[in-house]
Amino acid sequence: MMQRPLRKDRSSNNRWLVVAVLGALAGVVMPLGSFAGQPAAAQQSDGPGALALQEAAPEEWLTYGRDQAETHYSPLDQINSDNIDRLGLAWSWEIPKAGARLETTPLVSNGVMYATGPHSFVFALDARTGEKIWQWDPGIPDERNGGPSVCCGDVNRGLAIYENHVFAGLLDGRLVALDKGTGLVEWVQQTTPPGQDYSITGAPRIAAGNVIIGNGGAEYGIRGYVTAYDTETGEQAWRTYTVPGNPADGFESEAMRVAAETWFGEWWVVGGGGSAWDTFAFDPEANLVYVGTGNGAPWNRDIRSPGGGDNLYLSSILALNADDGELVWYYQTTPGDDWDYTATQPMMLLDLTIDGRERNVIVQAPKNGFFFVIDRLTGEFISGEAYADDVTWASGIDQATGRPIETPEARYGMNRQGAYLSPGPTGAHNWRPMSWNPTTGLVYLPVQNTQSYYEMVTDFRYTLGQWNTGTTIRGGGSRARPERPELTGPRTLLSARDPATNREVWRAASEEGFGAGNGGTMSTGGNLVFRGSGSLLIAHDATTGEVLWQTEVGGGTATPMTYELDGVQYLSIAGGSTREGPRMWTFRLDGMAPRPGGN
Ligand code: CA
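The following refers to the structure shown. (Residues numbered from 1 in each chain as written. Predicted model: local features only at pLDDT ≥ 70, side-chain atom pairs only at ≥ 80, totals over all residues. Heavy atoms only, no water.)

## Thoughts on the coordination of the calcium ion
Six octahedral donors around a metal ideally sit at 90 or 180 degrees from one another, while four tetrahedral donors ideally sit at 109.5 degrees.
Next, step 1: Within the protein, Glu219 (OE), Glu219 (OE), Asn295 (OD1), Asp340 (OD) and Asp340 (OD) serve as the donor atoms for the calcium ion, at 2.3 to 3.1 Å.
Next, step 2: All donors of the calcium ion come from a single chain, and their spacing in sequence reads E-x75-N-x44-D. A residue pair is termed long-range when its members are at least 10 positions apart, and Glu219 in the loop between β12 (210–213) and β13 (225–230) and Asn295 in the loop between β17 (288–292) and β18 (296–297) qualify at 76 residues. Taken as a pair, Glu219 and Asn295 share a single burial class, namely buried. (Donors = N, O, S within 2.8 Å, 3.2 Å for Na, K, Ca; no water. Helix = DSSP H or I, 4+ residues; strand = E, 2+ residues; numbered from the N terminus. Buried < 20%, exposed > 50% of the residue type's maximum accessible area, 1.4 Å probe, protein only.)

Below is the structure:
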């Protein structure tokens, strides 16, 4: 799972040979959004297909986190903690596209399952039988054959659906609308500048009649932004940048002018980063779209912004007006990011009683190891507590200021002294969804304890098509390293957390070997929490954490989801590496389908 710097074959592709052409790059003009905005399209109609905050149709799974609050919770309870031992295979379908980890969460609408595989492969199955209805392969080559630069695999986390459309973000930066019934392409938008180091791996989301999409690429050097397109026409509704561009070109908004005061030097040459590559949520009552932004580009702040600064809006939760994309508030989880501590990790919207007060909150466990509870209407900091065992870059979050209390060794660039720090760049939590259960009042969070040696690169040169982090995380360091400290916690675990008190209530460490390595989680009205772990799908009692059931689904488990058809509850998860064959697995009570391969 470790992010690996990838090297381009320089001989085969001239576009990667642009080395430090600073003037030319500073002159690259990105397509600016129309900031005139547009009126929000009519709210979605009631009935199947309708979305509402935590009130989505219980039998369906209509958006990445099932509801727009992104809770990954289903009220279905036919499968429950009393009968879970009767769970058996209903069907499985081999995804005919391999070559990357499975990260998809399928959607189910009107009896059809829609999901993605590696390389932006899209498919629709009969959700009762697993029979294929259609599939669509955009035919994007991998990086070695001229495909886009992708830091962490040619993965895809899923789709959005709205009325008769299915929306997919592609590795090469395109957003496409497909006909729900046939899979035929309805419209295509190139959402990123072609030939630059942008890519899409995240699931689009729907908000106020628009489809919202971000992108990745900050390891290579890009400027982050998020764009909204009209679901019917594909016309751009708005675009909001997450970091400022070159002030000489003028600012797109007041928010960018304010942000530029927190940057130094010529940050725009490499791009600054802040890519919104995964997480969104939507509160239709507040009409706010929440966006999690990524790390700095380069990682090392002393190169990116010599002189320091918070470098807004890196590693932040942004609340944007859904109609025009204007910034309403922000909360920066890691000011002046130096460590690839993105705030792109899954967020959810909850209504909680905290210290006797009803609060509308947004919660997130970003990479940096702290679980944040923020007022989702105002951006006010409520609490921030360590959720991982190994967090050494900061000793806590200051309750008065909402800012981390950094440890002296954390600023390896400013100190000109490398350091082992926890978490490492893969974070204490990454893309794997956490889930919520309103009955237990717990958030189920896949945690990993990680560590990395960070050292500043002293001869940094920006190179298009290569990692431009300004940080050495392994090998090649200039100084003798200190001894690597031992990690104190398990490598991966499931942590059940009460967000109202911001304390862990129970935990289940993953077994080493067979069951090691987190997938995403899902909780249900059946007092259950399901998670992928290594090659296992595991069901825990949601109240106590006891393991009640498990089965093997192949290495590299994604995120479970559930739905109901004809009175039968089904449960699905994508699992299986390239070697075993990636597969969509679906279970039901008393399911008797033979396992593939007869094992
Ligand atoms: Ca990153």
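## Observations regarding the pattern of salt bridges
Next, step 1: Tallied over the entire structure, the rule returns 25 salt bridges.
Next, step 2: For Glu103, the salt bridge identified is with Arg157, shortest N-O distance 2.7 Å. In this pair, Glu103 sits in the loop between β2 (87–94) and β3 (107–109) while Arg157 sits in the loop between β6 (132–136) and β7 (160–162), placing the two residues 54 residues apart along the sequence.
Next, step 3: Taking the shortest distance from any N to any O, the salt bridge between Lys367 and Asp340 comes out at 3.1 Å. Of the two residues, Lys367 sits in the loop between β22 (357–364) and β23 (370–375) while Asp340 sits in the loop between β20 (327–332) and β21 (347–354), which places them 27 residues apart along the sequence. Residue Lys367 shares its accessibility class with Asp340, and that shared class is buried.
Next, step 4: Connected through shared salt-bridge partners, Arg101, Glu103, Arg157 and Asp278 make up one network. (Salt bridge = Lys/Arg side-chain N within 4 Å of Asp/Glu carboxyl O.)

## Quick look at the state of the cysteines
Joining two cysteines, a disulfide is a covalent bond between their sulfur atoms.
Next, step 1: Counted according to the given criterion, the structure contains 1 disulfide.
Next, step 2: One disulfide in the model links Cys151 with Cys152; its S-S distance is 2.1 Å. One disulfide, between Cys151 and Cys152, carries an S-S torsion of -100° and so falls in the left-handed class.
Next, step 3: Since its relative accessible area comes to 24%, Cys152 is described here as partly exposed. (Disulfide = S-S within 2.5 Å.)

## So, the packing of aromatic side chains
The geometry of an aromatic ring pair is captured by the separation of the ring centres together with the interplanar angle, meaning the angle of the planes.
Next, step 1: Summed over the entire model, instances satisfying the criterion amount to 22 aromatic pairs.
Next, step 2: Arranged with centres 4.8 Å apart and planes meeting at 80°, the rings of Trp267 and Trp268 form a pair that is edge-to-face.
Next, step 3: Given a relative accessible area of 4%, Trp267 falls into the buried group.
Next, step 4: Taking the relative accessible area as the measure of exposure, Trp268 reaches 18% and is therefore buried.
Next, step 5: Following the ring pairs from residue to residue traces out a cluster consisting of Trp339, Tyr341, Phe370 and Trp393.
Next, step 6: Note that Arg223 overlies the ring of Tyr241, its terminal NZ or CZ placed 3.7 Å from the centroid. (Phe/Tyr/Trp six-rings, centres within 6.5 Å; stacked < 30°, edge-to-face > 60°. Lys NZ or Arg CZ within 6 Å of the ring centre and 35° of its normal.)

By themselves these figures say nothing about function.
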